[in-house]
Amino acid sequence: QVQLVESGGGLVQAGGSLRLSCAASGRTFSSYAMGWFRQGPGKEREFVGTINWNGRSTYYADSVKGRFTISRDNAKNTLYLQMNNLKPEDTAVYYCAQGGDVYNRGTRPDYWGQGTQVTVSS
């Protein structure tokens, strides 16, 4: 059974930075695309970024492009999201995801993590 566990969320001032991590277990991590999604208060869960199996190809939502960077360390079975120049509208629960339609920027992965809260104050 695959488990995805996010960490690194917290409270930060606008303009600050956070790095989220997602530790994966249960199947071969390096064989699957991974992604980050978020769900703000009163909003639908939305795509943030995705990365292919070897980390050579990435896609981002327009709202985070140039500020967020997705990466992976296959030797550590870990996915990362570096978030810079954070804005109040980035406030959301952030979820990592594996497989399914993640690489096509869909919201139907094989597996979801439980999420980590990011709050950005003005």
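For the rest of this paragraph, the subject is the overall build of the chain. A tally of helices and strands in the chain yields zero helices and 11 strands. Helices (α) and strands (β) of the chain occur, in sequence order from the N terminus, as β-β-β-β-β-β-β-β-β-β-β. Computed over the C-alpha atoms, the radius of gyration of the chain is 13 Å, within 12% of the 14 Å expected from 2.2 N^0.38 for a compact globule of 122 residues. Over its C-alpha atoms, taken along the principal directions, the chain stretches across nearly 40 × 25 × 25 Å. Out of the 122 residues in the chain, the part that is buried amounts to 44%. Relative to all contacts within the chain whose residues are 6 or more apart in sequence, the contacts with residues 24 or more apart total 57%. As presented, the chain carries roughly 6200 Å² of accessible surface, and 43% of it is formed by carbon and sulfur atoms.

A few words now on the pattern of salt bridges. When their charged atoms lie close together, side chains carrying opposite charge are able to pair. As enumerated under the stated definition, the model contains six salt bridges in all. Between Asp90 and Arg38 there is a salt bridge; the shortest N-O distance is 2.9 Å. With Asp90 in the loop between β8 (78–83) and β9 (92–98) and Arg38 in strand β4 (residues 34–39), this pair connects stretches of sequence that are 52 residues apart. By relative accessible area, Asp90 is classed as buried at 0%. What makes Arg38 buried here is its relative accessible area of 6%. Connected through shared salt-bridge partners, Arg38, Glu46, Arg67 and Asp90 make up one network.

Counted by the stated rule, this structure contains four aromatic pairs. Measuring from ring centre to ring centre gives 5.8 Å for Phe37 and Phe47, while their planes differ by 70 degrees; the resulting arrangement is edge-to-face. Placement of Phe37 in strand β4 and of Phe47 in strand β5 (residues 46–51) is noted, with a sequence separation of 10 residues between them. Looking at Phe47, the relative accessible area reads 13%, which means it is buried. On the basis of an interplanar angle of 75 degrees and a centroid distance of 6.2 Å, the ring pair of Tyr95 and Trp112 is categorised as edge-to-face. Taken together, the residues span a long stretch of sequence, with Tyr95 in strand β9 and Trp112 in strand β10 (residues 111–112) at a distance of 17 residues. Judged by relative accessible area, which is 12%, Tyr95 ranks as buried. Classification of Trp112 as partly exposed rests on a relative accessible area of 30%. Members of the aromatic cluster, each reached through a chain of ring pairs, are Phe37, Phe47, Tyr95 and Trp112. Geometry around Tyr59 places Arg105 over its ring, the cationic atom sitting 4.3 Å from the centre.

Parameters at a glance
- Residues numbered from 1 in each chain as written.
- Predicted model: local features only at pLDDT ≥ 70, side-chain atom pairs only at ≥ 80, totals over all residues.
- Heavy atoms only, no water.
- Helix = DSSP H or I, 4+ residues; strand = E, 2+ residues; numbered from the N terminus.
- Rg over C-alpha atoms; globule rule 2.2 N^0.38 Å.
- Buried < 20%, exposed > 50% of the residue type's maximum accessible area, 1.4 Å probe, protein only.
- Contact = heavy atoms within 4.5 Å.
- Areas by Shrake-Rupley, 256 points an atom, 1.4 Å probe, with all protein chains shown as cover.
- Salt bridge = Lys/Arg side-chain N within 4 Å of Asp/Glu carboxyl O.
- Phe/Tyr/Trp six-rings, centres within 6.5 Å; stacked < 30°, edge-to-face > 60°.
- Lys NZ or Arg CZ within 6 Å of the ring centre and 35° of its normal.

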